[in-house]
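For reference, the chains in residue letters:
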Amino acid sequence: MAALATAEVCDSNATLLQSGELRALHPIFQIYGQGRAFSGPIVTVKVFEDNVLVRELLETRGQGRVLVIDGGGSMRCAILGGNLAQLAVNMGWAGIVVNGCVRDVDEINGCDIGVRALASHPLKSNKKGVGEKHVPVYIGGTFIRQGEWLYADSDGVLVSKSELST
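Worth saying up front: this structure is predicted, and the values here are computed from it rather than measured.

A word on the UniProt feature "binding site: Mg(2+)" (unreviewed entry) in the protein. Per the UniProt record, the feature "binding site: Mg(2+)" (unreviewed entry) sits at D104. The topology assignment puts D104 in the loop between strand 6 (95-102) and helix 5 (105-109). In this structure D104 comes out as partly exposed when scored by relative accessible area, which is 29%. At a separation of 3.0 Å, a polar atom in the side chain of D104 contacts the main-chain amide nitrogen of G82.

Scanning the entire structure with this criterion turns up 5 salt bridges. The partner of R23 in a salt bridge is E148, and the shortest N-O contact between them spans 2.9 Å. Separated by 125 residues along the polypeptide, R23 in strand 1 (residues 22-24) and E148 in the loop between strand 10 (142-144) and strand 11 (149-153) bring together distant segments of the chain. Assigned by exposure class, R23 and E148 land together as buried. A salt bridge links D104 to R103; its shortest N-O distance comes to 3.9 Å.

Time to look at the environment of A5. Note on placement: A5 falls in the segment before helix 1 (6-12). Sequence separation of A5 and V135 is 130 residues, and the distance between their C-alpha atoms is 28 Å.

What follows is about the packing of aromatic side chains. Under the defined criterion, the tally for this structure stands at 2 aromatic pairs. Between the aromatic rings of Y138 and F143, the centroid separation amounts to 4.9 Å while the plane-to-plane angle is 65 degrees, which identifies the pairing as edge-to-face. The exposure class of Y138 is partly exposed, given its relative accessible area of 46%. Classification of F143 as partly exposed rests on a relative accessible area of 44%. Ring centres of W149 and Y151 lie 6.3 Å apart, and the angle between their planes is 20 degrees; this geometry places the pair in the stacked category. One exposure class covers both W149 and Y151, and it is buried.

Reading the values: rules and limits
- Residues numbered from 1 in each chain as written.
- Predicted model: local features only at pLDDT ≥ 70, side-chain atom pairs only at ≥ 80, totals over all residues.
- Heavy atoms only, no water.
- UniProt positions renumbered as here; feature names shortened; annotations may be inferred.
- Helix = DSSP H or I, 4+ residues; strand = E, 2+ residues; numbered from the N terminus.
- Buried < 20%, exposed > 50% of the residue type's maximum accessible area, 1.4 Å probe, protein only.
- Polar contact = N/O pair within 3.5 Å; in protein donor to acceptor, adjacent residues only side chain to side chain.
- Salt bridge = Lys/Arg side-chain N within 4 Å of Asp/Glu carboxyl O.
- Phe/Tyr/Trp six-rings, centres within 6.5 Å; stacked < 30°, edge-to-face > 60°.

Below you can see the structure in the form of structure tokens.
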């Protein structure tokens, strides 16, 4: 899939931006991983300082999808690390957006996947299995729904109600 430049998408889709069918997330995310630009249909998960459901989803075939993790913006531990990033690569995920922290940054940066997160933190998360899969989440100033499309590059992250053409 050809990567769409987010700045160009914004410039050429003023009507979609105005209607809310295309939204730009607030510029709060750090860039990790080798995938500087990625896109795909969204899978959502909502957790808080617990990554069991994150692992469960990443163990499924990614098929070029993007996992959007609403970690509640927690800065107290990481909910994605090097092992899960490599699992995502192995299973064919296009990217991961984390409203929370990551760890094992050097390992993630060695993986052929795009990751966006608020920050890094050395503490690992809980393993209780608490959370919800496939639910709307509110991240970066916008609601994000399962099945919408995410486009990320060095300029930022966009979410569209439908797939955009190049």
